[in-house]
Amino acid sequence: MPHNTPEHSPLGKASAYTDQYDPSLLFPIARADKRAEIGITAAPPFFGADLWTAFELSWLNLRGKPQVALAHITVPCETLHIVESKSFKLYLNSFNQTRFADASEVQARIRADVSAAVWRGAAHAGTVGVRLLLPEMFDCQPVHELDGLNLDRLDIECAHYLPAPQLLTAQFDEPAVSEVLVSRLLKSNCLVTGQPDWASVQISYSGPQIDQERLLQYIVSFRNHNEFHEQCVERIFMDIWTHCRPIKLTVYARYTRRGGLDINPWRTSHPQSLPANIRTARQ
């Protein structure tokens, strides 16, 4: 099977929208190439997952009546591939005029199809998590900002708009600390189209105290960087891991939606429970 690259994805191309179920629309892209760029050639030094929310999911019941739902999809970071987001949108649109017995059948189809795409070629394939939220649950969905000390309060001068890991530093000769730091100033661009991607990021760590002003300058330095969400978060993790040498580290970003989808990568150096997939105000 040919090796998919971002340039061959539906991104930046005119697309015909099919409304009949078609799992072949999913376009997996290998994680390995971008990981090699940041020094990961074997097992990564992190665990984690990509938490997707699909806001535009609809299908027909057996009587032809439209149904709607939200979907939470959890893709483990151990998968060999990500799914390019426009292809995922096209895939979800293919449910629009397709009849399914019930929401459970839709959920099962999404789980099977996305699992096959992200684990393609794996010796021991796993599954992704899929949860459908039906309309009676919509009014219970919370909005909550990422918890932590707000880095954006700092009055800094910014001069770097491409990733500048050399900015990162920590107090290696002082006692270790534990902190949770957040910023709403993370922006990057789509790897293929250059369209802006906006995010909030939460950095939790234990270890030498990270210089907060320089960390915020580093976050801002992604502003003109072209990379997918998952790849940006892994780059941030590896840069902090390498330059600040924390004992424990977790990086979690919540990106604003595009095309009815948001992608929220979470990476951690130590096993722990996944964060709740709760949207921020900008999402």
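S.K.: Would you explain helix 2 (residues 85-93) in this entry?
M.R.: Because each turn of an α-helix spans 3.6 residues, side chains separated by three or four positions in sequence point in the same direction. Of all 9 residues in helix 2, 7 are buried; the element is thus mostly enclosed. All buried positions along helix 2 are accounted for by Lys-86, Ser-87, Phe-88, Leu-90, Tyr-91, Leu-92 and Asn-93. Where the residues of helix 2 are buried, they touch strand 2 (47-60), strand 3 (66-76), strand 4 (81-83), helix 3 (103-118) and strand 12 (261-268). For helix 2, the side-chain oxygen to backbone nitrogen distance between the N-cap and Lys-86 is 2.6 Å, and the N-cap itself is Glu-84.

S.K.: Could you clarify how one ought to interpret the packing of aromatic side chains in this entry?
M.R.: In this description, a pair of aromatic rings is defined by centroid distance and the angle of the planes. Using the criterion set out here, one finds 9 aromatic pairs in the structure. Judged by centre distance (5.9 Å) and plane angle (55 degrees), the rings of Phe-88 and Tyr-91 are tilted. Highlighted residues: Phe-88 and Tyr-91, both in helix 2, separated by 3 residues, approximately one helical turn. The burial state of Phe-88 is the same as that of Tyr-91; both residues are buried. By the ring-pair criterion, three or more aromatic residues cluster together here, those being Tyr-21, Trp-52, Phe-88, Tyr-91, Phe-95 and Phe-100. Above the face of the Phe-172 ring, Arg-245 is positioned so that its terminal group lies 3.9 Å from the ring centre. The ring of Phe-55 is capped by Arg-257, whose NZ or CZ atom sits 3.5 Å from the centre of that ring.

S.K.: What is the right way to read unusual backbone geometry from this model?
M.R.: For residues other than glycine, phi is negative in most cases, and the peptide bonds are mostly trans. A positive phi is found at Arg-245, a non-glycine position, where the angle reads about 50 degrees. Along the chain, the position of Arg-245 falls in the loop between helix 5 (229-243) and strand 11 (248-255).

S.K.: What is the right way to read the sheet that holds strand 12 from this model?
M.R.: Consider a sheet: its strands pair through backbone hydrogen bonds, and that pairing is either parallel or antiparallel. Spatial strand order, 5-3-2-12-11-9-8-6: 8 strands in an open sheet with mixed pairing. Edge positions in the open sheet fall to strand 5 (129-133) and strand 6 (149-150), since each of these has one partner strand only. The pairing of strand 9 (residues 196-207) with strand 11 spans 8 bridges and is classified as antiparallel. Looking at strand 11, one finds that Ser-200 is bridged to Arg-254. Along the sheet, helix 4 (residues 212-220) makes contact with strand 6, strand 8 (177-189) and strand 9, crossing strand 8 at roughly 25 degrees.

S.K.: Could you clarify how one ought to interpret the pattern of salt bridges in this entry?
M.R.: Pairing between side chains becomes possible if they bear opposite charge and their charged atoms approach one another. Enumeration according to the criterion identifies 11 salt bridges in this entry. Where Glu-37 meets Arg-235, a salt bridge forms, and the shortest distance between an N and an O atom there is 3.2 Å. Of this pair, Glu-37 sits in helix 1 (residues 32-37) while Arg-235 sits in helix 5, and the two are 198 residues apart along the sequence. Residues Arg-267 and Asp-50 are paired through a salt bridge, measuring 2.8 Å at the closest nitrogen-oxygen approach. Of this pair, Arg-267 sits in strand 12 while Asp-50 sits in strand 2, placing them 217 residues apart in sequence. Here the residues in one salt-bridge network are Arg-31, Arg-35, Asp-50, Glu-234 and Arg-267, joined through shared partners.

Analysis parameters
Residues numbered from 1 in each chain as written. Predicted model: local features only at pLDDT ≥ 70, side-chain atom pairs only at ≥ 80, totals over all residues. Heavy atoms only, no water. Buried < 20%, exposed > 50% of the residue type's maximum accessible area, 1.4 Å probe, protein only. Helix = DSSP H or I, 4+ residues; strand = E, 2+ residues; numbered from the N terminus. Contact = heavy atoms within 4.5 Å. Polar contact = N/O pair within 3.5 Å; in protein donor to acceptor, adjacent residues only side chain to side chain. Phe/Tyr/Trp six-rings, centres within 6.5 Å; stacked < 30°, edge-to-face > 60°. Lys NZ or Arg CZ within 6 Å of the ring centre and 35° of its normal. Pairing = 2+ DSSP bridges. Axes fitted to C-alpha atoms, helices over the stretch in contact; angles between N-to-C directions. Salt bridge = Lys/Arg side-chain N within 4 Å of Asp/Glu carboxyl O.

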